Amino acid sequence: MTLLTLLGSTGSIGTSTLDVVRRWPERFGIYALVAGRNTDLLAKQIEEFRPQVAVVADENVLKELKPKLGSYVPELAFGEQARVHAARAPEAGFVMSAIVGVEGMEATYEAVRLGKRVGLANKETLVASGKLIIEAMRASGTELLPVDSEHNGAHQAFRAGRRDEVAKLILTASGGPFRKTPAEALAKVTPAQALNHPTWKMGQRITIDCATLMNKGFEVIEACWLFDLPPKQVEVVVHPQSKVHALVEYTDGSVIAQISATDMRMPIQYALTYPERADAPVPRLDWTESATWNFEAPDFQKFPLLKLAYQAQETGGSATCTLNAADEIAVEAFSCGANPVSGDRRDGGRDPGPDSQREPRTIAEVLEIDRASREAARRVIEARWTKVTTEAVSF
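Because the structure is a prediction, the values reported are computed rather than measured.

### Description of the packing of helix H6 (residues 123–140) against helix H10 (residues 214–226)
Interaxial distance between H6 and H10 falls to 8 Å at its minimum, and their mutual angle equals 20 degrees. When the interaxial angle is binned, H6 and H10 end up roughly parallel. When you trace H6 past H10, the crossing you get is left-handed. Counted together, Lys 123, Leu 126, Val 127, Gly 130, Lys 131 and Ile 134 of H6 and Asn 215, Phe 218, Glu 219, Ile 221, Glu 222, Trp 225 and Leu 226 of H10 form the full contact between these two elements.

### Quick word on helix H2 (residues 39–49)
Of all the positions in H2, only Thr 39, Leu 42, Ala 43, Gln 45, Ile 46 and Phe 49 are classed as buried. Looking down the long axis of H2, one finds its buried residues gathered within 165 degrees of arc, a one-sided arrangement. If you follow the buried residues of H2, they end up packed against helix H1 (12–23), strand S2 (28–34), strand S3 (53–56) and helix H3 (59–65).

### Some remarks on the side chain of Thr 181
Residue placement: Thr 181 occurs in the loop between strand S8 (166–173) and helix H8 (191–194). A relative accessible area of 18% places Thr 181 in the buried class. Ignoring sequence-local partners within four residues, the contact set of Thr 181 consists of Leu 186 and Lys 302.

### Structural notes on the nonpolar core
Membership of the largest hydrophobic core comes to 65 residues, with the highest contact counts inside it found for Leu 144, Phe 158, Leu 169, Phe 227 and Val 234. Of all the elements, H6 adds the most residues to this core, at seven residues. Discounting chain neighbours no more than four positions away, the residues touching Val 234 are Leu 169, Leu 171, Val 220, Ala 223, Cys 224, Leu 229 and Tyr 310. Residues Ile 13, Leu 33, Ala 98 and Tyr 274 belong to the second largest nonpolar core, which totals 34 residues.

### Brief notes about the pattern of salt bridges
Summed over all chains, the structure comprises 33 salt bridges. Between Glu 47 and Arg 50 there is a salt bridge, with its nearest N and O atoms 3.4 Å apart. For Arg 50, a relative accessible area of 40% puts it in the partly exposed group. Put simply, Glu 375 and Arg 371 hold a salt bridge, and the shortest N to O gap is 2.5 Å. Residue Glu 375 and its partner Arg 371 are both found in helix H14 (residues 363–394); the two are separated by four residues, about one turn of the helix. On the basis of relative accessibility, which here comes to 36%, the residue Glu 375 falls in the partly exposed class.

### A look at the packing of aromatic side chains
One pass over the structure, following the stated rule, counts four aromatic pairs. Between Trp 287 and Trp 293, the aromatic rings sit 5.8 Å apart at their centres with planes inclined by 65 degrees, giving edge-to-face as the arrangement. The class of Trp 293 is partly exposed, set by a relative accessible area of 28%. Across from the ring centre of Trp 24, 5.5 Å away, lies the NZ or CZ of Arg 27, which sits over that ring. Geometry around Phe 158 places Arg 163 over its ring, the cationic atom sitting 4.3 Å from the centre.

### Quick notes on the sheet that holds strand S6 (residues 117–120)
In a beta sheet, neighbouring strands pair by backbone hydrogen bonds and run either parallel or antiparallel. Here we have seven strands laid out as an open sheet, ordered S4-S3-S2-S1-S5-S6-S7, and parallel in their pairing. Where the open sheet ends on each side, the last strands, each with one partner, are strand S4 (75–78) and strand S7 (144–146). The average undirected angle you get between the axes of adjacent strands in this sheet is 25 degrees. As judged from the four bridges shared by strand S5 (residues 94–97) and S6, these two strands associate in the parallel manner. Paired with Phe 94 across the strands is Arg 117, a residue of S6. Of the strands in this sheet, strand S1 (2–7), S2, S3, S4 and S5 touch helix H4 (residues 80–88), which is tilted by about 165 degrees from S2.

### Side note on the state of the cysteines
Linking two cysteines covalently via their sulfur atoms produces the bond known as a disulfide. Within the structure shown, the criterion is met by zero disulfides. Of the cysteine sulfurs around Cys 210, a residue in no disulfide, the closest is that of Cys 224, at 18 Å. Cys 336 takes part in no disulfide bond, and the closest cysteine sulfur, belonging to Cys 210, lies 20 Å away. Residue Cys 336 is classed as exposed on the basis of its relative accessible area of 73%.

### Quick notes on the pairing of strand S11 (residues 255–259)
Bridge analysis of strand S10 (residues 244–250) against S11 gives five bridges, and the strand direction is antiparallel. When the sheet's bridge partners are listed, Glu 249 is paired in S11 with Val 255. Here S10 folds back onto S11 in antiparallel fashion, the turn holding four residues, of which Gly 253 has a positive phi close to 95 degrees.

### Considerations on helix H5 (residues 105–113)
By the criterion of burial, H5 is predominantly enclosed, with seven of the nine residues buried. Listed in full, the buried residues belonging to H5 are Met 105, Ala 107, Thr 108, Tyr 109, Glu 110, Ala 111 and Val 112. Gly 115 sits one or two positions beyond H5 and adopts a positive phi of about 80 degrees.

### Observations regarding the environment of Val 55
With respect to the helices and strands, Val 55 occurs in strand S3. For Val 55, a relative accessible area of 0% translates into the label buried. Separated by 194 residues in sequence, Val 55 and Glu 249 have C-alpha atoms that sit 43 Å apart. If sequence neighbours within four positions are ignored, Val 55 has contacts with Leu 33, Val 34, Ala 35, Leu 42, Ala 77, Phe 78, Gly 79, Ala 82, Arg 83 and Ala 86.

Definitions and cut-offs
Residues numbered from 1 in each chain as written. Predicted model: local features only at pLDDT ≥ 70, side-chain atom pairs only at ≥ 80, totals over all residues. Heavy atoms only, no water. Axes fitted to C-alpha atoms, helices over the stretch in contact; angles between N-to-C directions. Helix = DSSP H or I, 4+ residues; strand = E, 2+ residues; numbered from the N terminus. Parallel < 35°, antiparallel > 145°, perpendicular 65-115°, else oblique. Left-handed = near helix turned anticlockwise from the far one by under 90°. Contact = heavy atoms within 4.5 Å. Buried < 20%, exposed > 50% of the residue type's maximum accessible area, 1.4 Å probe, protein only. Arc of directions from axis to C-beta. Core = buried A, V, L, I, M, F, W, Y, C linked by side-chain atoms within 4.5 Å. Salt bridge = Lys/Arg side-chain N within 4 Å of Asp/Glu carboxyl O. Phe/Tyr/Trp six-rings, centres within 6.5 Å; stacked < 30°, edge-to-face > 60°. Lys NZ or Arg CZ within 6 Å of the ring centre and 35° of its normal. Pairing = 2+ DSSP bridges. Disulfide = S-S within 2.5 Å.

Structure, rendered in structure tokens:
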């Protein structure tokens with residue numbers, strides 16, 4: 001039996017992973033459940049899956065969790081180092097990295113460094129520290145198995161030929177809730193509208209990032225690291241039906257596409273059972289039903305963050321780490337009433353943030369660049385929001 005450390009057990013990927021584990025009790029079990037602050041759900045997960053270890057965000061959350069536990073009480077811990085220990089533990093044969101943001105980056109890095117099989121559902125890990133993670137992967141001889149539907153689809157399509165036969169990778173994007181919204185109307189959209197994704201049910205940050213196509217930009221960066229491709233060999237097409245998740249074009253002109261229902265349990269199970277393909281509890285496509293699938297080019301003018309992601313990956317250094325940090329602050333600001341969806345830096349001058357040419361050499365340096373980038377982003381947004389508020393009052 002393979003025991004899992006599940007980083008992000010109460011999120012959407014975490015709960016879907018547990019659903020897969022629930023279906024395969026003879027093959028998979030849980031060594032550690034690592035969560036944030038959702039103690040109600042975590043307590044239920046602990047009672048059902050009986051992990052040896054449970055980790056939460058901080059000491060206050062741990063105090064909140066304890067009285068909610070039933071007859072079974074695992075080893076309890078909190079904080080970053082506890083997350084790292086859960087990922088490093090010899091008992092954990094598989095680590096599912098599903099914590100949103102950089103909080104799970106160090107634990108994921110340590111698991112990779114020790115040669116553990118890792119299911120990667122956290123794109124920020126590679127966006128912020130791709131060079132370090134991939135170097136650790138190559139040194140340990142392990143493999144990162146992508147869980148994001150697009151990268152998982154690409155991983156499957158790459159199995160059709162040799163890597164030197166690949167001409168390009170094509171990632172699909174649903175287009176998000178504002179695909180048909182006029183560009184001039186984006187300045188007035190609300191968080192509720194941005195969270196109304198037409199295809200996927202996800203967490204708040206990733207859903208808002210999908211609305212700006214920033215999430216797809218991060219996926220381009222992640223794909224460059226996962227599949228050792230330059231940005232020019234990774235394309236994006238908008239596919240609103242979200243049935244085709246990725247396509248690989250080979251040098252002879254053949255295109256291999258990965259197609260499946262929009263259910264995250266399929267890529268999760270693929271990562272857990274790879275290279276085996278096991279029966280998965282997902283809907284099957286009915287090929288006797290008539291259907292129309294559309295593909296169109298993304299609008300880089302309307303969604304400039306996608307282009308910015310390409311530029312950051314081409315720049316290298318710490319540029320993508322800074323981009324990820326700034327985006328997270330922008331999403332927070334938008335959720336609180338500011339509107340960075342259509343805004344950019346062209347009217348606000350230049351803030352002295354981290355040097356984008358700096359190449360971080362350790363995870364600690366990545367986290368320091370992330371911290372400094374967040375501070376710079378907050379200064380920019382506060383200045384912009386103050387300006388907007390002042391102009392509104394002057395009317």
